[in-house]
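Here are the chains, one letter per residue:
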Amino acid sequence: MGLPMALVDVDQALNGDWRVYEQEVDVVRVQDPPVETWPQLREAGFLPKPQVLLWRAQTRATEEEFLAGLPRKDRYDIRVAYRNATASGLHITTEPLTVATLTEFLGLYEQQISQMRNGWAVAVEQREQILSEADTYCVVRVRAQDEVVGVCLNQDLPATDEIRARFSAVSSNQRSDSLARVLYWEALREARRRRRRWVSLGRDINLYGHVVKSGLFSFKSRLGFTAVPSQRAEPGSGSHQADRVVRFSELSDPALLLSYSPARDENEAVASPLWLNVFTADPALGVQPFRGVDLAGTTVHEIKPV
């Protein structure tokens, strides 16, 4: 189902008129609020934020240097992922994108999306575009004997000096963070091999708890990636919103969003670390699972039943 949402203007957000929707929607949103209204919106409980996040990390000179920047537990999880792959007899390759490879991936991808409550098969919609840019892609494939159990489509983007993991999927019998770590770690290795400065895990809608889940935030953070406004890496690529979460009907508990830190102007806001906001009905919820890289801070917002 779609996410129940009310779009209001700045005046409605500030004078409280938005409350007529409080028992009908999960989120009240102001789209593209003027920057000069952001301080007032914050005071009214609306959090100015980038609409889209880009997850990225510097490749570093060596794998050891990258690993050294991760907490011990996260380094351990990556090593365990590769040990599990070896123990399961999985075969990992990186190769060019072909029509056959894309078709194979989409079959795995559609199967995975179909098992999600609010899944959106973006890669299927973009099939022709992906094929038109096939020479810019490299594919990580993981096989268990003759069966493909994991695929990650990575796009090489010299203009932004990065390898971007665009889409990935794993088979239902391999559905675990372990194999996903292998897919993304291989993308990082390919970025380093091609001497790209950045590797990214693609873009997410900046509201975890509906199409994308809160666990995805934790997973990407624990791999050493930082969520930044898409405008920082691609000027003009995203817009601003101010959200207020009011209940959980289609939105999962906890829900997360990353808001701008207070700043003097738009450019400073986009360039500054983001602030993690965790929404929950559980006053005892711990935020340790939602630690992030280069965050300005974390605030937990208790959402009481309306």
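Scroll up a little and you will see the structure.
Residues numbered from 1 in each chain as written. Predicted model: local features only at pLDDT ≥ 70, side-chain atom pairs only at ≥ 80, totals over all residues. Heavy atoms only, no water.

(A) Expanded view of the nonpolar core. Among the nonpolar cores identified, the biggest contains 57 residues, and Val30, Phe46, Trp185, Tyr208, Phe217, Leu223 and Leu258 are the most heavily contacted of them. By residue number, the principal contributor to this core is helix H8 (residues 177-193), which donates 8 residues. Not counting residues within four places of it along the chain, the set of residues in contact with tryptophan 185 comprises Glu63, Phe66, Leu67, Ile78, Tyr82 and Leu223. (Core = buried A, V, L, I, M, F, W, Y, C linked by side-chain atoms within 4.5 Å. Buried < 20%, exposed > 50% of the residue type's maximum accessible area, 1.4 Å probe, protein only. Helix = DSSP H or I, 4+ residues; strand = E, 2+ residues; numbered from the N terminus. Contact = heavy atoms within 4.5 Å.)

(B) Broad picture of the pattern of salt bridges. This model, assessed by the stated rule, comprises 25 salt bridges. Of the charged contacts in the structure, one is a salt bridge between arginine 19 and glutamate 22, with a shortest N-O distance of 3.5 Å. Taking the shortest distance from any N to any O, the salt bridge between glutamate 104 and arginine 141 comes out at 2.2 Å. Of this pair, glutamate 104 sits in helix H5 (residues 99-114) while arginine 141 sits in strand E6 (residues 137-144), and the two are 37 residues apart along the sequence. Relative accessible area serves as the criterion here: at 31%, glutamate 104 is assigned to the partly exposed category. The class for arginine 141 is buried, based on a relative accessible area of 11%. Where salt bridges share partners, they join Lys73, Asp74, Asp77, Arg181, Arg222 and Arg291 into one cluster. (Salt bridge = Lys/Arg side-chain N within 4 Å of Asp/Glu carboxyl O.)

(C) How the structure looks around the environment of glutamine 40. By the secondary structure assignment, glutamine 40 is in helix H2 (residues 38-43). Note: C-alpha distance between glutamine 40 and alanine 13 (27 residues apart in sequence) is 9.5 Å.

(D) Main features of the packing of aromatic side chains. Tallying each qualifying case throughout the model produces 9 aromatic pairs. Seen in terms of ring centroids, tryptophan 38 and tyrosine 260 are 5.0 Å apart; in terms of plane orientation they differ by 5°. Their pairing is stacked. Taken together, the residues span a long stretch of sequence, with tryptophan 38 in helix H2 and tyrosine 260 in the loop between strand E12 (255-259) and helix H11 (266-271) at a distance of 222 residues. Ring centres of phenylalanine 66 and tryptophan 185 lie 5.4 Å apart, and the angle between their planes is 80°; on these two criteria the pair is classed as edge-to-face. Of the two residues, phenylalanine 66 sits in helix H3 (residues 63-68) while tryptophan 185 sits in helix H8, which places them 119 residues apart along the sequence. The class for phenylalanine 66 is buried, based on a relative accessible area of 6%. Grouped by ring-pair contacts, the aromatic residues Trp55, Tyr208 and Phe217 constitute a single cluster. A cation over a ring is seen here: arginine 56 above tryptophan 198, with NZ or CZ 3.9 Å from the ring centre. (Phe/Tyr/Trp six-rings, centres within 6.5 Å; stacked < 30°, edge-to-face > 60°. Lys NZ or Arg CZ within 6 Å of the ring centre and 35° of its normal.)

These figures capture arrangement, not role.
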